[in-house]
Amino acid sequence: MSLIAMPEPDNGAVRRRAEIIEDIAALVGRAALITDDDGRRAFETDALTAYRSVPLLVVLPRTTDEVSKILRYCNDASVKVIPRGAGTSLCGGALPTEDAIVLCVSKMNRILEVDYANRFARVESGITNLAISNRVAEKGFFYAPDPSSQIACTLAGNLAMNSGGAHCLKYGVTTNNVLGLKMVLIDGTVIDIGGAHLETPGYDMMSYAIGSEGQLGVITEATVRILRAAEGARPMLLGFESPETAGACVSAIIAAGIIPVAIEYMDKPAIAVCEAFARAGYPLDVEALLIVEVEGSEAEINALLKKIAEIARKFNPKTMEISADSDHSARIWAGRKSAFGAIGRISDYYCMDGTIPLGKLSHVLTRISEICAARDLKVANIFHAGDGNLHPLILYDANKPGETAKAEAAGAEILKLCVEVGGCLTGEHGVGIEKRDLMSVQFSQTDLAVQMRLKSVYDPGWLLNPAKVYPLDASEPMRDGVRIYASEAA
Amino acid sequence: MTEFLRPAAEWELQSMIAKLASENRCAEIVGHGALRNAGRSTAPETVITTASMRGISLYEPNELVMSARAGTRLVDIEAELASRRQMLPFEPVDIGPTIGAPASTLSIGGVFATNMSGARRIATGGARDHLLGVRAVNGRAELFKSGGRVMKNVTGLDVARGLTGSWGTLAVLTEVTFKVVPMPHASGTLVYRGLPDDLAIEALTLAMGTPYEVTGAVHLPKRVAARLKNKNLADIGEPLTLMRLENFPESVAERRNKLQTALKVYGEPSVVAAEESWNLWSELRSLSVMPFSPDTILWRISTVPTKAPEIVAAIQKFMRVDAFYDWSGGLIWLEVPAAADAGSADVRRAVAVRGGHATLIRAAPDVRETVEVFEPMKPEIERLTRGIKTAFDPAGILNPGRMYATI
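Residues numbered from 1 in each chain as written. Chains lettered and ligands numbered in written order. Predicted model: local features only at pLDDT ≥ 70, side-chain atom pairs only at ≥ 80, totals over all residues.

**Remarks on the overall build of chain B**
And then number 1: Counting secondary structure elements, chain B contains 15 helices and 18 strands.
And then number 2: For chain B, the C-alpha radius of gyration of 21 Å lies close to 22 Å, the compact-globule estimate for 407 residues.
And then number 3: Each principal axis of the C-alpha distribution contributes one length, and for chain B these read about 65 × 50 × 35 Å.
And then number 4: Going through the 407 residues of chain B one by one, you find that 59% of them count as buried.
And then number 5: If you take every contact in chain B between residues at least 6 apart in sequence, the share linking residues at least 24 apart comes to 73%. (Helix = DSSP H or I, 4+ residues; strand = E, 2+ residues; numbered from the N terminus. Rg over C-alpha atoms; globule rule 2.2 N^0.38 Å. Buried ≥ 20, exposed ≤ 12 C-beta atoms within 10 Å, placed from the backbone. Contact = placed C-beta atoms within 7 Å.)

The structure is reproduced here in structure tokens:
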């Protein structure tokens, strides 16, 4: 069913498989390798499960030095490398190819240093996102980016995708919360970027590395910012008769100088599914529901929620419910937090991840309904209203012939719409293979060339996660070794 | 005779760069000239100024976003934001006056090209953290864009942010899009007196580790504190340690009390409130406590906050120093006596062994020609730096030698 094409595999590498296994085993020991069919099959896909391919082998190094040896070997032997954390990518970012090895950092998961006075933690990249926060919670600290897969996803994956989360309106995304990186380049060189201090000297290589989707190198360690948590947090629930009024209310809250820690938006279909699943007490007679959360001391929270309620009243909400205590807060969040699971229970779904300017919300939601209705598909929308990140969930039946293709086509049209209104293809999930062929909707050939030349600086042979992010026709000359950068530098 | 090129449009800039390339010439890239005395000294015969590319092209206060052409002056942007009770989140620092340029000439392009942020950076991030998108022309005369106008965007490599701090050596920014925030409704500053540097930094890092959202954490040793224009504070005649709280008025009051309790062992602070607090931080941001002088050299040191007093003490063994600690110690503006070597070896050694890096901000042109202005690079970083430069500007047309002699 595969709609997204991948390049012809390098048969040379496939034929040399036994030799490659021996060579890598000699470098890092056989125990670090997974070579049997069942074992490799566990790595054949990520969270974009429609696409699968069994890699040559999987290697699980335990040290930066081992990563360096493996990459140097792959560079010398021209073997492609798919870096991987926990494999929770929704865009096929960790999808293997049959001519590549998977280099999985999940065994490198130690916390190396925690410094509360200077507010940083130095960790290995295979640690899970939540494990960092759990480790520093005893002193009331946390690591801010909180993607919804945070129990499972690794920091390595967060760094590769520049992950966000529900609280990034206030705390920013991954790139805003990292101080230093240790990264291994394809030729085995280990580089340190930044450190425990705030600013990186010279060119901002941190910015190139974070969000590079495994294209530039393998990050093995990171120094992340840890923050002292607020004294408390409490949400309120607001229901409106139309997306316009809900959007206008969000604008008015921000215009009043209030930056809530989260503003989550759900449309009617999403409300219905979540309420049926979680019994959160959501109103079923509204078109749009907002969960607005603020932080601070009890007195501050009360004062802020009161201010927000005053603002919201001007927009005639059909529902307004202020959380009274932690149980109440948990109930309000229960519906939203279970959204993906709840929808997954009733249908297969395809989760999109565009970003739009808030002012275009109503227009975009109308168009999304039309796009899906035209294909006889249902859609539910979840929206991080504070930062414009929209997650339409397109419902379809994977067992019905042609339905998957229909859902993908609707998804592509929705993402084009996001770009058309001034937004972008992906807010936090990344490009991977999923949005690869849409990149030319958002970027000109020159824009893409500027990015791909950087890739060639770090990885001249295009061995790291090739065939992702950039449309194949655009990347082909570089993947084939016509290296614009190298030829001009010579 | 220096030739000034003043493109008013992107296509014009492209054709100028293409022409320079065809003639094997290079150019210095400036806005209105605020930063011409910063960085390594270079003397190309051609200067490209973005001064004619100005104006705010998009401002959506409700979406907290603004776009402006690169030559728009920072003061004009801040005035427009203030009219809607908004501001830039990172308090950009205009180093112009401290390096001998007129005040208020810094362009928004210069703000992002140098990535220099003020006190609020310790709490909410720096210029790079709030840049959303750019349009720019590289040394190949190509116009390209990266990022966009929305807050969350992980589409492709983050080239926009990667251009921050590149000092015009990779591309000429033509338009920048950035995040803005509401101005706080109230501001208040706790002022602790008489703390020696090490205790002051201890108090500041403790404050940053409380939940009270301190948005400014500065320590001024005695001689530097005496330079404040705020006479009430300057006349105290003691070191001053400053912590800023901002929010709704009731929050500021509540947090002030809680913070004071948490820091009881450091003494009883006085409080600077309302407009006086606002003005105090404007003054700190202007670097007027580190005024322009041909007799002194100014370094900017980025380090781990708790290491800052040690670094200053180590350098003090070799020369007279005056320090202004910002970011709870994470940033040191360090004034040392003018010298042909700028005290470089001692400064860099003191920083290197404790972690961090130093940039020479103010020194005579001949000093900035012979002393490395930016932190010298390790070979593997230099190799990548050279590669990145080549990817954007293979012929070395844009600001050659501005950051590093051979790049």
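**A few points about the domain arrangement of chain B**
Residue and element names in this part refer to chain B.
And then number 1: The domain architecture assigned to chain B consists of domain 1 (1–183 + 377–407), domain 2 (186–285) and domain 3 (296–370).
And then number 2: Distance from the C-alpha centre of domain 1 to the C-alpha centre of domain 3: 25 Å.
And then number 3: With 9 residues of domain 1 at the contact, the number on the domain 3 side is 10 residues.
And then number 4: A breakdown of the residues in the side of domain 1 that touches domain 3 according to their chemical character gives 5 nonpolar, 2 polar and 2 charged. (Domains from an automatic or database assignment. Nonpolar A, V, L, I, M, F, W, Y, C, P; charged D, E, K, R; others polar.)

**Some remarks on the domain arrangement of chain A**
And then number 1: According to the domain assignment, chain A consists of domain 1 (11–104), domain 2 (111–228), domain 3 (233–339), domain 4 (347–439) and domain 5 (443–489).
And then number 2: Computed from C-alpha atoms alone, the centre-to-centre distance between domain 1 of chain A and domain 3 of chain A is 45 Å.

**Here we look at the sheet that holds strand β2 (residues 57–59) of chain A**
Residues and elements named next belong to chain A.
And then number 1: In space, the 4 strands of this open sheet follow the order β1-β2-β4-β3, with mixed pairing throughout. Here the strands that pair on one side only, and so sit at the sheet edges, are β1 (33–34) and β3 (80–84).
And then number 2: One ladder, built from 5 bridges, connects β3 with strand β4 (residues 100–104); its direction is parallel. Paired with Ile 82 across the strands is Val 102, a residue of β4.
And then number 3: Where helix α2 (residues 17–28) meets the sheet, it contacts β1 and β2, and its direction lies at approximately 10° from that of β2.
And then number 4: Helix α4 (residues 64–77) rests against β2, β3 and β4 of the sheet, and its axis sits at about 165° to β4. (Pairing = 2+ DSSP bridges. Axes fitted to C-alpha atoms, helices over the stretch in contact; angles between N-to-C directions.)

**Here's the deal with the packing of helix α17 (residues 445–458) of chain A against helix α18 (residues 472–479) of chain A**
Residues and elements named next belong to chain A.
And then number 1: The N-to-C vectors of α17 and α18 enclose an angle of 35°; their axes lie 11 Å apart at closest approach. Once α17 is placed against α18, the crossing between them reads as right-handed. Where α17 approaches α18, its residues Gln 445, Leu 448, Met 452 and Ser 456 are matched on the opposing element by Ala 474, Ser 475 and Met 478.
And then number 2: Classifying every residue of the contact of α17 with α18 gives 4 nonpolar, 3 polar and no charged. (Left-handed = near helix turned anticlockwise from the far one by under 90°.)

**A look at the nonpolar core**
Residues and elements named next belong to chain A.
And then number 1: Of all hydrophobic cores here, the largest spans 276 residues; its most connected members are Leu 290 and Ile 394.
And then number 2: Tallying contributions element by element places α17 first for this core, with 7 residues.
And then number 3: Filtering out sequence-adjacent residues up to four positions away, Leu 290 remains in contact with Leu 238, Ala 246, Cys 249, Val 250, Ile 263, Glu 264, Tyr 265 and Ala 385. (Core = buried A, V, L, I, M, F, W, Y, C linked by C-beta atoms within 7 Å.)

**Re the interface of chain A and chain B**
And then number 1: Tallying the contact residues gives 74 residues for chain A and 69 residues for chain B.
And then number 2: By residue number, the principal contributor to the side of chain A that touches chain B is α17(A), which donates 7 residues.
And then number 3: For the side of chain A that touches chain B, the class distribution of residues is 34 nonpolar, 29 polar and 11 charged.

**Details of the pairing of strand β13 (residues 262–267) of chain A**
All names here are of chain A.
And then number 1: Counting buried positions along β13 yields 6 of 6 residues, so the element is predominantly enclosed.
And then number 2: Residues Ala 262, Glu 264 and Met 266 point to one face of β13 and Ile 263, Tyr 265 and Asp 267 to the other, with burial holding for every one of them.
And then number 3: Sheet topology note: the β13/strand β18 (residues 378–384) ladder contains 3 bridges and is antiparallel. Note that in β18 the partner of Tyr 265 across the bridge is Phe 383.

**A short note on the sheet that holds strand β3 (residues 46–49) of chain B**
Adjacent strands of a sheet pair through backbone hydrogen bonds, lying either parallel or antiparallel.
Residue and element names in this part refer to chain B.
And then number 1: Spatial strand order, β1-β3-β2: 3 strands in an open sheet with parallel pairing. Edge positions in the sheet fall to β1 (3–5) and β2 (28–30), since each of these pairs with one other strand and no more. Going from strand to strand, the sheet's axes swing by 25° on average, the running direction of each strand aside.
And then number 2: Sheet topology note: the β1/β3 ladder contains 3 bridges and is parallel. Paired with Phe 4 across the bridge in β3 is Val 47.

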